[in-house]
Structure formats: C-alpha cells, structure tokens
Amino acid sequence: ESEICLIVETTGSSGAKKSVALTAAALLASTRASLDFLEARPGQTWALLLPIHHIAGINVLIRSLDLGTTPVDLRNATEFPVTDFSAVVPTQIYRALNGDEKLLAHLKAAKFVLVGGARIQEDLLAQAIDAGISIVRTYGMSETSGGCVYNGEILEGVQVEVRGGSIFIRGSILALGLELNNGWYETK
C-alpha cells in the first residue's frame, strides 16, 4: 500500500501544473475518514458530478467502492435521481440556486452535499442552506487525497496546524514525494 496507486494532475492554488502521486493507503485513509464523518453506511450511494481526472471525482469513485455501490454518473445528466451523497463545486451550487431546478432537487434530496474545489462565498452558502441543501464545506487538495477538513472539523487521522500564516498538514492522507518537515506538509 506504500506504492503509487494513482497520479493526479493538479494546478492547485498556485496555478502551476504538477503531478501528485497517491498511494492506495492514502486514498483509503481519506475515504474512510470522509465516510466516518458523514456516518455513511454500506449500500448508500454517491452522485458523480465532477470530473474523474480531479481528486474530488476520484474520491466519489473510491467512496462508492468502499460502500459497495456504483456511483451514479450525473456528469452529463439531464435527469438527477436521488442519491445519499453528492460532491460539487460552488459554481454547481450557484447553478442549482439560479435556475437548474433538477439539480437543486437532487442536491436537496441528498443526506449531505460536499462542497470544495474553491471557497464557497458566505451569501451563497446561506442561500443553499435556506434552500434546504445539507452543505458540508470541505478543505483539502490533491496532495492531501482531497478534503481533510469538513465544516471546520479535522478528519480522523489528520493533523492541521496554522503557523505564521501557513497551513501545515500531517497524516496518512498525504501524497508521496511531498517536501515534508518532520512529517508536516506546508500548503502553498
């Protein structure tokens, strides 16, 4: 499980394209911490609304496998069946609240909707909550196998520290080949 399982291309917040090498152990640690936070149970379903070449889309696939289900692929859908969980970016929340009624109904029906990829603005968050969407704000990146902080709560097996304006992360969710200082990864 310490060998590279997956390589993800990312530009992250720096805008510079790079490859991130993830192990099966890191991906599974991320998956299980996420599912534990969400209190997900075997048989529950995930909607796939994000590209599978990004960590968020990949995570939907892995979480589904861990729950023993197949993700419901809605990337090019015109109809949106009910699923237990969904993962989206703020732009999709905006679309749902501004005319895409089928997407809105789908998101409202989900037990939880993870929102990441960018910070969701407070007014958009308030509108989504008022509309009945159970939002979970996520923070993470490809280097941390996706989200590692949900609604401000650090996920199981992860440590986060803020030092001098920088965020440092440690845990089994980290990618291989990162420049670490005593096991800590400084996000950039």
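These numbers were taken from a predicted model, which means no experiment stands behind them.

**Q** Got a sec to walk through the pairing of strand E5 (residues 85–88)? Specific residues and values, please.
**A** Across a regular strand the side chains alternate sides, sitting on one face of the sheet and then on the other. Side-chain alternation along E5 places Phe 85 and Ala 87 on one buried face and Ser 86 and Val 88 on a second face that is also buried. With four bridges connecting them, E5 and strand E6 (residues 112–115) associate as parallel partners. Its bridge partner being in E6, Ala 87 is matched across the sheet by Leu 114.

**Q** Could you give an account of the pattern of salt bridges, with specific residues and numbers?
**A** Close approach of charged atoms allows side chains of opposite charge to pair. For the coordinates displayed, the defined rule picks out eight salt bridges. Among the salt bridges present, the one from Lys 18 reaches Glu 143, with a minimum N-O distance of 2.7 Å. Of this pair, Lys 18 sits in strand E2 (residues 18–23) while Glu 143 sits in the loop between strand E7 (135–141) and strand E8 (146–150), and the two are 125 residues apart along the sequence. Take Lys 18: its relative accessible area is 35%, and that puts it in the partly exposed class. Linking Arg 163 and Glu 161 is a salt bridge whose minimum nitrogen-to-oxygen distance equals 2.9 Å. Note on Arg 163: relative accessible area 33%, which makes it partly exposed. By relative accessible area, Glu 161 is classed as partly exposed at 35%. Salt bridges linked by common partners bring Arg 119, Glu 122 and Arg 137 together as one network.

**Q** Explain the side chain of His 106 to me, using residue names and the numbers behind them.
**A** With respect to the helices and strands, His 106 occurs in helix H4 (residues 101–109). Within polar-contact distance, the side chain of His 106 engages the backbone oxygen of Pro 81 at 2.8 Å. In contact with His 106, not counting residues within four places along its chain, are Ala 47, Leu 49, Leu 74, Phe 80, Pro 81, Val 82, Thr 83 and Ser 86.

**Q** Can you lay out the sheet that holds strand E11 (residues 166–171) for me, pointing to particular residues and giving the numbers?
**A** Strand order across the open sheet formed by four strands is E10-E11-E13-E12, with antiparallel pairing between neighbours. Each of the sheet's edge strands pairs with one partner strand only, and the pair in question is strand E10 (158–163) and strand E12 (180–181). Judged from the two bridges that link them, E12 and strand E13 (residues 184–186) form a sheet pairing that is antiparallel. Its bridge partner being in E13, Asn 181 is matched across the sheet by Trp 184.

**Q** Could you give an account of the side chain of Thr 23, naming the residues involved and the relevant values?
**A** Structurally, Thr 23 can be placed in strand E2. Thr 23 gets classed as buried once you look at its relative accessible area, which sits at 6%. Within the structure, Thr 23 has its side chain in polar contact with the backbone nitrogen of Ala 26 (distance 2.9 Å).

**Q** An account of the packing of aromatic side chains is needed here, citing residue identities and associated values.
**A** Under the criterion given, the structure shown has two aromatic pairs. Between Phe 37 and Tyr 150, the ring centres sit 5.2 Å apart and the planes meet at 85°, which makes this aromatic pair edge-to-face. Taken together, the residues Phe 37 in helix H1 (residues 24–38) and Tyr 150 in strand E8 connect sequence positions 113 residues apart. Using a relative accessible area of 0% as the deciding quantity, one classes Tyr 150 as buried. Between the NZ or CZ atom of Arg 63 and the centre of the ring of Trp 46, over which it lies, the distance is 4.9 Å. Over the face of the ring belonging to Phe 168 we find Arg 163, whose NZ or CZ atom lies 4.0 Å from the ring centre.

**Q** Explain the sheet that holds E6 to me, and be specific about the residues and the numbers.
**A** Note: strands within a sheet are paired through backbone hydrogen bonds, in either parallel or antiparallel orientation. An order of E4-E3-E5-E6-E7-E8-E9 is seen for the seven strands of this open sheet, with the pairing classed as mixed. Every other strand in the sheet has two partners, leaving strand E4 (72–73) and strand E9 (153–154) as the edge strands with one partner each. Across two bridges, the pairing between E8 and E9 is antiparallel. Bridge pairing in E9 places Tyr 150 opposite Glu 153. Contacting strand E3 (46–48), E5, E6, E7 and E8, helix H2 (residues 55–67) crosses the sheet at an angle of about 145° to E3.

What counts as what
Residues numbered from 1 in each chain as written. Predicted model: local features only at pLDDT ≥ 70, side-chain atom pairs only at ≥ 80, totals over all residues. Heavy atoms only, no water. Buried < 20%, exposed > 50% of the residue type's maximum accessible area, 1.4 Å probe, protein only. Helix = DSSP H or I, 4+ residues; strand = E, 2+ residues; numbered from the N terminus. Pairing = 2+ DSSP bridges. Salt bridge = Lys/Arg side-chain N within 4 Å of Asp/Glu carboxyl O. Polar contact = N/O pair within 3.5 Å; in protein donor to acceptor, adjacent residues only side chain to side chain. Contact = heavy atoms within 4.5 Å. Phe/Tyr/Trp six-rings, centres within 6.5 Å; stacked < 30°, edge-to-face > 60°. Lys NZ or Arg CZ within 6 Å of the ring centre and 35° of its normal. Axes fitted to C-alpha atoms, helices over the stretch in contact; angles between N-to-C directions.

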